[in-house]
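Observations on the model geometry
Spelled out, the chains give:
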Amino acid sequence: MLGARGLTKSFGGFVAVDGVDLAVQEGELRSIIGPNGAGKTTLFNVLTNALTPSGGQVYFGGEEITDVPQHERPHMGLVRSFQSNQLFEEQTVLENVRIVAQTIEQGPFSFDLFRTGRRVAEEDAYEILERVGLAEQAHESAANLSHGDQRRLTIAMSLATDPSVLLLDEPTSGMGPTETEETAAMIESLQSEYDLTLVLIEHDMSIVLSMSDRITVLNRGQVLATGPPDEIQANDAVQTAYLGGMEDEL
Ligand SMILES: Nc1ncnc2c1ncn2[C@@H]1O[C@H](COP(=O)(O)OP(=O)(O)OP(=O)(O)O)[C@@H](O)[C@H]1O
């Protein structure tokens, strides 16, 4: 569904992503893990063309999309989650989702949708807010939400773009243990309800091990290992390079 071959990104002489091969299957929940500075965020940036790769190819649905501009990718179904600083803070939670939904609807073939768009978008937006557990806050302004709820709202906004592959960069960062568990459960339920393929950068090992179908371990920009959680836990190279200090958490 989403793939890469030899994907590379250099900053000057420093190779942050170094010849990465990736093959994420449809419906999979793939986690990308690795030590700080391993290249995880840079990998997301080159997969979405937020940064132009220095080498290699990106594939989506079997087609090469390496040169497809970043802003066109959501229309193909490849979406990277919004960041909290992209919220329209003065607008309500519902409006935040509707603004995204309407932007997507205003494509060249959606004149009818555009005319009736507000109603359609509002229904869709409510449904999405119910799915992420924010329906009760629909009429709050986004600025009044807790940090965790703002993160959930960014996921709701991403869902409004109707993704087939959704990239989530540390969706539980800054959350306490209970909120982290709730968010993980919500993400898992979205995967099945929306028929999503999910690629997740996540630091919380208990979440990564319990949720992932497969895990890709990056180290110094290179793929150290890819496999199901039990295989990754048992992988000697992963233990040595990355998990050495973290066995207690596993
Ligand atoms: N725009 C940039 N210019 C120069 N170096 C960069 C740039 N972006 C990232 N890097 C470097 O590339 C390396 C990988 O960074 P990246 O943020 O992708 O790692 P990461 O695995 O996401 O780390 P973390 O877990 O800390 O978020 C780091 O050494 C970083 O300093």
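None of the values given here were measured: they were computed from a predicted structure.

The rules behind the values
- Residues numbered from 1 in each chain as written.
- Predicted model: local features only at pLDDT ≥ 70, side-chain atom pairs only at ≥ 80, totals over all residues.
- Heavy atoms only, no water.
- Axes fitted to C-alpha atoms, helices over the stretch in contact; angles between N-to-C directions.
- Helix = DSSP H or I, 4+ residues; strand = E, 2+ residues; numbered from the N terminus.
- Parallel < 35°, antiparallel > 145°, perpendicular 65-115°, else oblique.
- Contact = heavy atoms within 4.5 Å.
- Near = heavy atom within 4 Å.
- Polar contact = N/O pair within 3.5 Å; in protein donor to acceptor, adjacent residues only side chain to side chain.
- Areas by Shrake-Rupley, 256 points an atom, 1.4 Å probe, with all protein chains shown as cover.
- Nonpolar A, V, L, I, M, F, W, Y, C, P; charged D, E, K, R; others polar.

For any two helices packed against each other, the geometry is given by the interaxial angle and the distance between the axes. Contact geometry for helix 6 (residues 147–159) and helix 7 (residues 177–193): axes closest at 11 Å, N-to-C directions at 10 degrees. The orientation of helix 6 with respect to helix 7, classified from their angle, is roughly parallel. Residues Gly 148, Asp 149, Arg 152, Ile 155 and Leu 159 of helix 6 touch helix 7, and the partners they reach there are Glu 179, Glu 182, Thr 183, Met 186, Ile 187 and Leu 190.

Attention now moves to the site of the ligand. The ligand sits among Phe 11, Phe 14, Ala 16, Pro 35, Asn 36, Gly 37, Ala 38, Gly 39, Lys 40, Thr 41, Thr 42 and His 203. Between the ligand and Lys 40 there is a distance of 2.7 Å, counted from an oxygen atom to a side-chain nitrogen or oxygen. In isolation the ligand has 640 Å² of accessible area, and contact with the protein removes 58% of it. Mapped by element, the contributors of at least two residues to the shell around the ligand are strand 2 (14–24) and helix 1 (40–47). In terms of residue count, the dominant contributor to the shell around the ligand is helix 1 (3 residues). A breakdown of the residues in the shell around the ligand according to their chemical character gives 5 nonpolar, 6 polar and 1 charged.

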